[in-house]
Amino acid sequence: MPQKILAGRATDPQLRGDLVQVKVDQVILSRAPSRALAEAIATGMKKTPVEVAVAYDGTCVADASSLADIDEGSPHSVSPEFPTYNIPIARPGIGFPAPVHLERFAAPARLALTDDPRLATVGGIGMLSLVVSPSQLGQALATGSAWLRPPRSVQIHLSGRVRPFVCARDVALELLRRNLDEVVRRIEGEHHAPVILEFAGPSARLLSVGDRAVLCGIAPQVGAAAALFVSDEKTEVFLRDQRRSKAHRALVPDPGAPCEEVVSIDLGTVDPLLMDEEGVVRPVRDLAGKPVAQVVLGGDSGVTLRDMLAAALLLKSKRVPSRLDLLVAPPSRQVLEVLAQSGALVDLVATGARIVEPDRRVVTSEIYPPPPGGLSLRTADPEPRIAGAPSFVVASAETLAYAVATGSVGDPRSFKRPVRVTVPRALPTDDVLILRDKKGEQVSTKKPPPAPAAVPWKGPLTLDVLAGVPKGNGRAAVGARGRKAAAPAEPAAPAAPVAPIVEDDKAQPAPAEGKAAGGVALVLSTLDEVRAVAERATDLSTVRAVVAPFVPSTAVSAFASEGIATFLVGAEALGSIKEQKSVELPAPAQWGDRVAAVFGSERVEVAWLATGMERSWTHAGTVRQPPSAGKPAR
């Protein structure tokens, strides 16, 4: 199915070559909207030619720092001038980007590019959503096309029916328990291509679009580029309920279409599961009786409208225990309205719930973090699990309802009698919080944000070696890559000490101020560390290279577009490399598939993972092209 979507939009329908140019249908801006807009304007964009482009402003709880970000034109802010470029703004309060886009914009058999891995859930409607860097998004906004690696597919065959008190969240956790990440990693290593999960089988067609979205949400956690369901009569009904029936297109795989591997799962064998604070998936009974201090019901993934209504019914006439804090974060404004109209919101409030705004920092635990020394249960998928990050337990809405009712973890089947939930067909679809340009009314007096300066690779370079993921948000750093410099220049020493690095809960010392170095090479051990760095690549301005035993192809492409070289190294060499203080890399002209790097006094051959045009992006420090060079794909 992903190949069908790309082939219909590619200049080469056979998808030959390391990268192919494809036409983009949608661009979804969530993590760094202003940075993507700056790149597009630098390429010469006046109005974006893509079918749908939306910028989500996820800061609902305004504070001094968020207001300062807007005033200073931070890459993570959403400024008022977006609608003038044919990019509507989804205003704060509309909901989390993933569920809102699924309801109001996502369309089957289309290609979307985004900077937010949590948008993988839109695959539940049959739309292919791929994560790229803000600079690649800028190119897509300006030209309507992008260069992508042709993907490979892993089929997940679903059969059987789920039993009472087993939700799509439990099925998603079962897939994680079956080591799907190892399958993805092996196929990535063989083909050096993105892996996309395709859900198929008789039971795939029985699931609602909401349940399908929950299953697609696991893609980033296993290293897959995206996940995709068929578009069938269930999809058509969903779009009709959203009053968007014209957006429907059928999408089914061709008979006998090849895939790299098939993973089968019988839904009837799935029990209520949870992912513990260490990221290990276990049966709920393993933690039975453990006291719970916080429950966050909702968020941007892992829960459907049906699940929210079921939890409200299970908690009707119940009371929140004295030592438990129940937070309800409705995924979207539409879900909030349905809960209010059905009376479920009243039941939750009567239980003792607090309704919180759909702020992006809720899912990252920047606000409402897990209480110290207490157990926090949540429905949303976790952010990458790295040392020092907040940890919580992930479980289904019905498991959370049992925890609220009893004050401790337990199997929701102890409720004995399942509730019957009727999801209304008449849904509120008023887009009052979508800000569009109406004949120039939204013209802003502010100047567009400046495009960041690119710092190319020139000659041999010596980089400081740091293990793990930098602490803090890194936004204030002004590093060797000079993103805040006035013009491109030779790589220079950091203007300030680099933030300490978290590795095994111990912070390593930062390079001394004024030390002559070309930047930083991060040595990463796990997929979660790679994901964390990829999501913050625009913030970590000193990073020039990433070295790891596994880097997904989408991350390699995103790093390359930011001028970051990505190298593969064997797991057995990681220990000695981490102990070194610096690495010497030869001049880019000497780079090939293998690069001879000198870590301290040790010579190590590493594999350069970039391919095709990605290599020229790395050397140039940017994917940006001159305004005259950008032309849409036919």
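It should be noted that the structure appears before, not after, this text.
Residues numbered from 1 in each chain as written. Predicted model: local features only at pLDDT ≥ 70, side-chain atom pairs only at ≥ 80, totals over all residues. Heavy atoms only, no water.

*Asks:* I would appreciate a short explanation of the pairing of strand E2 (residues 26–29) in the present structure.
*Replies:* Looking down a regular strand, the side chains alternate between one sheet face and the other. Here E2 shows no split at all, with Gln-26 and Ile-28 on one side and Val-27 and Leu-29 on the other all buried. Handedness of the crossover is the feature at issue here: the chain leaves E2, passes through helix H2 (residues 33–42), returns alongside strand E3 (residues 52–56), and the resulting connection is right-handed. Two elements, E2 and strand E5 (residues 111–114), share three bridges in a ladder whose sense is parallel. In the strand pairing of E5, Val-27 is matched with Leu-113. (Buried < 20%, exposed > 50% of the residue type's maximum accessible area, 1.4 Å probe, protein only. Helix = DSSP H or I, 4+ residues; strand = E, 2+ residues; numbered from the N terminus. Right-handed = clockwise from strand over helix to strand, strands pointing away. Pairing = 2+ DSSP bridges.)

*Asks:* Any chance you could explain the pattern of salt bridges here in plain terms?
*Replies:* Between side chains of opposite charge, a pair can form as their charged atoms come close. This model, assessed by the stated rule, comprises 37 salt bridges. Residue Arg-31 pairs with Asp-116 through a salt bridge whose shortest N-O separation is 3.0 Å. With Arg-31 in the loop between E2 and H2 and Asp-116 in the loop between E5 and strand E6 (128–131), this pair connects stretches of sequence that are 85 residues apart. In this structure, the salt-bridge partner of Arg-594 is Glu-605, at a minimum N-O distance of 3.6 Å. Separated by 11 residues along the polypeptide, Arg-594 in strand E28 (residues 594–599) and Glu-605 in strand E29 (residues 602–608) bring together distant segments of the chain. (Salt bridge = Lys/Arg side-chain N within 4 Å of Asp/Glu carboxyl O.)

*Asks:* Is there a simple way to explain the sheet that holds strand E9 (residues 195–200) in this structure?
*Replies:* If you walk across this open sheet you meet the four strands as E10-E9-E8-E11, and the pairing is parallel. Both outer strands of the open sheet, strand E10 (226–228) and strand E11 (261–266), are each paired with one neighbouring strand and no more. On average, each strand axis in the sheet is inclined to that of its neighbour by 20°, with strand direction left out of account. Direction of pairing for strand E8 (residues 152–159) relative to E9: parallel, over a ladder of six bridges. (Axes fitted to C-alpha atoms, helices over the stretch in contact; angles between N-to-C directions.)

*Asks:* Before we go on, may I ask you to explain helix H8 (residues 209–216) in this structure?
*Replies:* Count 3.6 residues to each turn of an α-helix, and residues three or four apart come out pointing the same way. The buried fraction of H8 is high, at seven of eight residues. Among the residues of H8, Val-209, Asp-211, Arg-212, Ala-213, Val-214, Leu-215 and Cys-216 are the ones counted as buried.

*Asks:* Which parts of the structure should I look at to understand the packing of helix H17 (residues 553–561) against helix H19 (residues 613–620)?
*Replies:* Helix packing geometry: the angle between the two helix axes and the distance between the axes. Between H17 and H19, the shortest axis-to-axis distance is 7 Å and the interhelical angle comes to 40°. Here Val-556, Ser-557, Ala-560 and Ser-561 of H17 lie close against H19, whose contacting residues are Glu-614, Trp-617 and Thr-618. Partitioning the contact of H17 with H19 into residue classes produces three nonpolar, three polar and one charged. (Contact = heavy atoms within 4.5 Å. Nonpolar A, V, L, I, M, F, W, Y, C, P; charged D, E, K, R; others polar.)

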